[in-house]
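Tertiary structure, described
Given next are the chains, with one letter for each unit.
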Amino acid sequence: MVKRFAFRAQYQNGRKEDILRYLESKSNTIKELAASDTIMTLSVFMWNNNLFLYYESIGKDIAPDELFGESGIYLKAWPGEDDVRYWIPMHDIFHYNRPVSIEHWRRKRKPEKIVGRLARLKPEMLSSYIYYHYQYQEEKPCDGNKTGIIHLNDNIMFFYHEEPVITEPPLYQGALNTSNTPSAWGEVMRPHFIVWEDAPKGQEIWRNVGLVFHMSSPLTIFN
């Protein structure tokens, strides 16, 4: 079965070029995992001093340390647990679609664009946002871009998807038999967000973040 993961990290001040070189140095390792059908796709995005890692594994859980084990040299440690953590798991709070088999999820052609976007939730609106999105996800499975998924850490949301958009009829039944998803979706969602004051026009809620590393098969590096 295909498993989808997202993690967040922060690089140390002044170590941007170092972490970029390190990521590129791991390309052969990631390529070998892809060739052995262990990793289906992997991407790293960067915004300010934050890194957002998205990948899909086949058949087993893979921790970021198995992919980028020495990256801690360049990253800040996250507090909160006895063990030192550099990559923090982000939690899947919404997906349009989910893998039902390896062949279902395997790309039929190379994506033209790998997209990462960020949004910030008002802390007091977090439960509302998750409620509405779970309802939508389970009432209307496969209603949008096949690869679209939102992960959450703190109040930061990371939205990953690929283009061109792929849609397909539902291959599974959602957990809800209700029909309560609001029709005026954008109007209901807008009050949930903290607006990005410094974002480009049109990205005041969901801002694009830069892709710095991407691997599928064959391997492709974007800098």
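In the block above lies the structure referred to throughout.
The paragraphs below set out a description of the structure included in this document. Treat the numbers as computed from the prediction; the structure is a model and nothing was measured. (Residues numbered from 1 in each chain as written. Predicted model: local features only at pLDDT ≥ 70, side-chain atom pairs only at ≥ 80, totals over all residues. Heavy atoms only, no water.)

**Points about the nonpolar core**
Counting residues in each nonpolar core, the largest one holds 26 residues, and the members touching the most others are Ile19, Leu42, Val44, Leu51, Tyr55 and Phe68. Elements represented by at least two residues in this core include exactly strand S1 (2–10), helix H1 (16–25), helix H2 (27–35), strand S2 (39–47), strand S3 (50–58) and strand S10 (207–215). With near-sequence residues (within four places) excluded, valine 44 lies in contact with Leu23, Leu51, Phe52, Leu53, Phe68, Gly210, Leu211, Val212 and Phe213. Met90, Ile156, Tyr160 and Leu211 belong to the second-largest nonpolar core, a separate cluster that totals 16 residues. (Core = buried A, V, L, I, M, F, W, Y, C linked by side-chain atoms within 4.5 Å. Buried < 20%, exposed > 50% of the residue type's maximum accessible area, 1.4 Å probe, protein only. Helix = DSSP H or I, 4+ residues; strand = E, 2+ residues; numbered from the N terminus. Contact = heavy atoms within 4.5 Å.)

**Some details on the pattern of salt bridges**
Tallying each qualifying case throughout the model produces twelve salt bridges. The residue arginine 107 makes a salt bridge to glutamate 162 at a minimum N-O spacing of 2.6 Å. In this pair, arginine 107 sits in the loop between helix H4 (102–105) and strand S6 (113–121) while glutamate 162 sits in strand S8 (residues 156–163), placing the two residues 55 residues apart along the sequence. When its relative accessible area of 23% is taken as the criterion, arginine 107 is described as partly exposed. Each member of the salt-bridge network shares a partner with another, and the members are Arg4, Glu56, Arg107 and Glu162. (Salt bridge = Lys/Arg side-chain N within 4 Å of Asp/Glu carboxyl O.)

**Looking at the packing of aromatic side chains**
Counted by the stated rule, this structure contains 19 aromatic pairs. Aromatic side chains phenylalanine 94 and tyrosine 96 sit 4.9 Å apart centroid to centroid with 80° between the ring planes, which places their arrangement in the edge-to-face category. Judged by its relative accessible area of 3%, phenylalanine 94 is buried. In textbook terms, an aromatic cluster arises when at least three aromatic residues are bridged by ring pairs, as seen for Tyr22, Phe68, Tyr74, Trp87 and Phe213. Of note, arginine 98 hangs over the ring of tyrosine 172, and the distance from its end group to the ring centre comes to 3.8 Å. If you follow arginine 207 out to its NZ or CZ, it ends over the ring of tryptophan 196, 4.9 Å from the centre. (Phe/Tyr/Trp six-rings, centres within 6.5 Å; stacked < 30°, edge-to-face > 60°. Lys NZ or Arg CZ within 6 Å of the ring centre and 35° of its normal.)

**Focus on the pairing of S10**
Both faces of the sheet carry side chains from a regular strand, because those side chains alternate between them. Here S10 lies mainly inside the structure; seven of its nine residues are buried. Bridge count for S2 against S10 is five bridges, and the pairing is antiparallel. The residue bridging serine 43 from the neighbouring strand is histidine 214, located in S10. The pairing of S6 with S10 spans three bridges and is classified as antiparallel. The partner of leucine 118 across the bridge, within S10, is arginine 207. (Pairing = 2+ DSSP bridges.)

**Focus on H2**
Three or more residues of H2 are buried, namely Ser27, Ile30 and Ala34. The buried residues of H2 occupy an angular sector of 70° when projected down its axis, which confines them to one face. For H2, the exposed residues lying more than 90 degrees away from the buried face are Asn28, Glu32 and Ala35. Phi turns positive one or two residues past the end of H2, at aspartate 37, with a value near 60°. (Arc of directions from axis to C-beta.)

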